[in-house]
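Residue strings, one per chain:
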Amino acid sequence: MEETDKATGTQADTAGAKKTVKKTSAPAKSRPTAKTSIPKTAEATKAPVVKTDTQPTEPVPATPVVTPAEPVQTPAATAEPSDPSVSDADSKNIIMKPPIVVKDLAARMNLKPFLLISHLNDMNIFSSITSVLEVEVARKLCEKHGFSFNTEKRDSEAGFHKPKVEPVAPPKVEKPKDDQMLGRPPVITFMGHVDHGKTSLMDAIRQSNVVSGEAGGITQHIGAYSLERRGQRITFLDTPGHAAFSAMRARGANVTDIVVLVVAANDGFMPQTEEALAHAKAAPHVRIMVAINKCDLPSANVDRVKKQLQDRDLTPEDWGGETIVCEVSALKKQGVDRLLDNMLVLAEIMELKATNTGFSKGAVIEAQLEQGRGPTATVLVQSGTFKIGSAFICGDHWGKVKSMFDDRGQPIKEASPSTPVKVLGFAGVPNAGDSLLEMKSEREARQYAEEQQEKKRLNKLEAKRPVTLENLFETLADQQRKVLKVLLKGDVQGSIEAIATALLGIKSEKVSLEIVHKAVGPVTESDVLLASASKTIIIGFNTRTETQAAAASKREAVQIKLYSIIYELIDQVKEAMAGLLDPVNRESVIGTAAVKQVISLSKYPVAGCSVQSGRIARSGRARVLRGRIHIYDGAIQTLKRFQDDVSEVRQGLECGIRLGDFNDYQQGDLIECYQLEKMPQQL
């Protein structure tokens with residue numbers, strides 16, 4: 001039998017050698033030996049019979065093909081023994097990032113999806129190929145097939161995680177060298193009390209008519225303008241004067257060089273004038289000059305205004321001080337030229353400079369969501385040159401400049417320092433006051449913005465206070481408190497910020513206000529659905545309602561209120577908050593009666609009374625006073641005059657009174673009749 005096996009192996013080797021001979025075109029003498037036809041096991045054992053001179057036709061000894069009794073380790077088997085184990089461990093460890101879909105998990109496990117679905121059915125979990133699994137369910141499935149399952153970790157302390165890619169920080173705007181600094185136009189902000197003529201003064205300077213377009217004749221946005229005066233460019237910012245726009249005035253003072261404090265000659269200093277002055281003094285780099293407006297009115301008192309300025313450490317120049325004070329009239333355009341000349345002189349003294357090179361930096365003055373354009377923002381460039389195509393970050397949003405427009409709506413390709421421009425290309429509506437920084441590439445800008453948004457989301461989650469035994473009763477009291485929920489939509493980001501601050505500033509211990517959502521743009525259908533789900537009213541400021549949203553509001557019974565003047569909005573919200581409070585019952589005494597005689601009937605006693613004041617009403621309530629001591633309070637069950645039931649008995653008449661279950665009447669008792677009136681509560 002052994003000889004037969006040897007012969008068979010020899011014939012097989014010979015046949016393989018013959019096939020090799022047929023395929024080779026070289027002469028027989030130079031043909032390779034039969035080494036190529038010997039099996040790998042024989043080659044690995046390096047049998048001595050395999051030689052280069054062995055002819056393929058000669059019988060090969062049987063010893064090379066005989067497998068030895070003990071295993072012989074080949075070099076291939078001994079090489080790198082640790083690699084297979086490492087690869088096996090890596091293949092058995094599955095790391096996935098939520099959400100965990102059945103199809104993706106099956107692909108990582110090299111299994112058919114229907115097999116996982118079958119296992120899930122056994123676990124009483126009915127799913128499909130696109131179902132999302134919980135982490136614990138996915139871990140059980142993996143353990144069933146010999147895998148270990150873990151999710152990606154953000155922290156570096158976990159034993160299994162993907163290497164965290166640190167976002168590229170925004171480039172630092174380094175202080176340029178002196179030879180790179182060039183002169184720049186001044187940024188001048190008009191601040192003051194509401195209706196003191198700031199926008200009218202700006203109209204006189206620009207020779208435009210902005211006031212006629214303002215709702216209620218008051219400014220409710222920050223306006224940025226630019227003009228040339230004697231070959232020099234000046235940038236103006238016009239801030240609102242209403243009390244609700246304190247944040248806007250603070251923003252205007254932070255980005256400006258010169259503050260023009262506008263004071264009406266007939267009113268003098270008012271509350272918002274004081275606040276604007278405080279904002280201007282809080283910015284150390286800002287110089288203050290004063291424009292006394294409405295000097296043409298008969299009731300104007302310029303000296304009183306100058307005395308008020310002196311009391312606030314702003315002594316006018318003509319009184320021996322350093323503050324530039326100009327007397328102007330916006331309507332008659334008097335003193336406007338002198339005001340502009342003093343602005344240029346003060347700017348020249350300040351030696352304002354900036355660089356046109358390097359990464360550009362700017363500040364968002366106002367932001368809005370425009371139809372057909374998407375998120376836009378008015379940006380004041382502070383350093384560098386802002387160009388079309390530049391990638392940037394702004395707060396937790398990123399973007400790439402698609403187009404830019406100047407203050408008159410003309411498209412421009414680049415903007416130098418102190419230039420206000422409207423920028424298109426934001427990924428979202430930024431917050432007014434955010435800094436805008438140019439980035440190296442769009443990818444870095446997007447990566448940095450997404451990281452900031454993730455941090456913001458995590459901070460919101462961590463801000464939720466858990467319920468503990470210490471704050472349990474406080475939490476229950478907060479849940480029982482009346483809450484007015486509001487969804488706020490507006491035309492620009494600054495107005496929304498001002499309105500939200502004003503609404504949240506309404507102080508009341510009885511009812512609170514919650515802003516469910518606030519955004520820029522018109523009222524949409526999704527806003528109505530959100531308001532319906534959260535039982536919220538929608539308040540729009542200087543915006544409109546889309547057609548689908550109007551139809552949805554009727555269907556969902558959601559109230560939409562639109563306003564164009566801020567103080568009307570705040571007043572009506574206060575009334576709505578007061579309307580949530582339950583009315584309080586207030587007692588109103590309507591009459592008194594003295595008990596003259598106690599009449600004993602077969603079933604109960606009755607008090608025979610004489611009405612001393614007012615009237616005794618059957619629908620009212622009564623209390624019994626005996627010697628100024630309150631002994632009973634209840635409803636009037638029976639009121640009769642002679643044998644007739646009556647609804648009321650007036651002063652000077654006699655009647656019989658029976659009070660509920662009270663039977664202890666005594667002569668001389670006083671019965672006081674009163675009614676409970678429901679009165680609305682005040683905040």
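Scroll up a little and you will see the structure.
From a predicted model like this one, the values you see are computed outputs, not experimental measurements.

## Overview of the packing of aromatic side chains
In this structure the tally under the stated criterion is five aromatic pairs. With a centroid separation of 5.0 Å and an interplanar angle of 25°, the aromatic rings of Y632 and F662 are classed as stacked. Pair noted here: Y632 is in strand 29 (residues 629-641) and F662 is in the loop between strand 32 (654-659) and strand 33 (670-679), with a separation of 30 residues, a long-range link. The class for F662 is buried, based on a relative accessible area of 9%. Taken together, a centroid distance of 5.1 Å and an interplanar angle of 90° make the contact between F662 and Y665 edge-to-face. We note that F662, like Y665, is buried. Following the ring pairs from residue to residue traces out a cluster consisting of F386, F392 and F426. Across the ring face of F269, the terminal group of R312 is positioned such that the distance to the ring centre comes to 4.3 Å.

## Digging into the environment of D267
Summarising the element assignment, D267 is placed in the loop between strand 9 (258-264) and helix 10 (271-282). Exposure remark for D267: the relative accessible area of 35% places this residue in the partly exposed category. Residues D267 and N301 lie 34 residues apart in sequence; the distance between their C-alpha atoms is 8.4 Å. Once you skip the residues sitting within four places of it in the chain, D267 turns out to touch H196 and R304.

## Here's the deal with unusual backbone geometry
Residues other than glycine predominantly adopt negative phi, and peptide bonds predominantly adopt the trans conformation. The backbone of N124 shows a phi angle near 65°, a positive value even though the residue is not glycine. With relative accessibility at 63%, the residue N124 sits in the exposed group. In this structure, K294 is a non-glycine residue whose phi angle is positive, near 60°. By secondary structure assignment, the location of K294 is in the loop between strand 10 (287-293) and helix 11 (302-311).

## So, helix 12 (residues 336-350)
The terminal C-alpha atoms of helix 12 lie 21 Å apart, and with 15 residues this matches the ideal 21 Å at 1.5 Å per residue to within 8%. Looking only at helix 12, the buried set comprises V336, L339, L340, N342, M343, L344, L346, A347 and M350.

## Side note on the sheet that holds strand 23 (residues 511-520)
Here we have four strands laid out as an open sheet, ordered 23-22-24-25, and parallel in their pairing. Looking along the sheet, the strands with just one partner apiece sit at the ends: strand 23 and strand 25 (560-563). Each strand of the sheet is rotated relative to its neighbour by a mean of 25°, with strand direction disregarded. Sheet topology places strand 22 (residues 482-490) next to strand 24 (residues 537-541); five bridges connect them, and they run parallel. Its bridge partner being in strand 24, L488 is matched across the sheet by I539. Against the sheet, helix 16 (residues 525-534) engages strand 22, strand 23, strand 24 and strand 25, with an angle of about 175° to strand 22.

## Let's talk about the pairing of strand 10
Within strand 10, six of the seven residues are buried, which leaves the element mostly enclosed by the surrounding structure. Bridging between strand 9 and strand 10 involves seven bridges; their strand directions are parallel. Within the sheet, the bridge partner assigned to V263 lies in strand 10 and is I292. The β-α-β motif built from strand 9, the intervening helix 10 and the parallel element strand 10 has right-handed crossover chirality. In this structure, strand 10 lies alongside strand 11 (residues 325-327), joined through three bridges in parallel fashion. Bridged to I292 within strand 11 is E327.

## Observations concerning the pairing of strand 22
A regular strand places its side chains so that they alternate between the two faces of the sheet. Two strands pair when backbone bridges link them, and strand 22 and strand 23 are joined in this way by nine bridges, in the parallel orientation. By the bridge assignment for strand 23, G490 is matched with V520. Regarding the hand of the β-α-β motif, the stretch spanning strand 22, helix 15 (residues 493-504) and strand 23 is right-handed.

## Here we look at the environment of W319
As for its placement among the helices and strands, W319 is situated in the loop between helix 11 and strand 11. Classification of W319 by relative accessible area gives partly exposed; the value is 36%. Considered as a pair, W319 and K306 are 13 residues apart in the sequence and their alpha carbons are 8.6 Å apart. With sequence-adjacent residues up to four places away left out, W319 is seen in contact with D303, K306, K307 and Q310.

## Thoughts on the packing of helix 8 (residues 198-206) against helix 12
The interhelical angle for the contact between helix 8 and helix 12, taken along N-to-C directions, is 85°, at an axis separation of 10 Å. Of the possible angle classes, the one that applies to helix 8 and helix 12 is roughly perpendicular. From helix 8, L201, A204 and I205 reach across to helix 12, where they touch V336, L339 and L340. Split by residue class, the contact of helix 8 with helix 12 holds six nonpolar, no polar and no charged.

Each value, and the rule that gives it
- Residues numbered from 1 in each chain as written.
- Predicted model: local features only at pLDDT ≥ 70, side-chain atom pairs only at ≥ 80, totals over all residues.
- Heavy atoms only, no water.
- Phe/Tyr/Trp six-rings, centres within 6.5 Å; stacked < 30°, edge-to-face > 60°.
- Helix = DSSP H or I, 4+ residues; strand = E, 2+ residues; numbered from the N terminus.
- Buried < 20%, exposed > 50% of the residue type's maximum accessible area, 1.4 Å probe, protein only.
- Lys NZ or Arg CZ within 6 Å of the ring centre and 35° of its normal.
- Contact = heavy atoms within 4.5 Å.
- Expected span 1.5 Å × (residues − 1).
- Pairing = 2+ DSSP bridges.
- Axes fitted to C-alpha atoms, helices over the stretch in contact; angles between N-to-C directions.
- Right-handed = clockwise from strand over helix to strand, strands pointing away.
- Parallel < 35°, antiparallel > 145°, perpendicular 65-115°, else oblique.
- Nonpolar A, V, L, I, M, F, W, Y, C, P; charged D, E, K, R; others polar.

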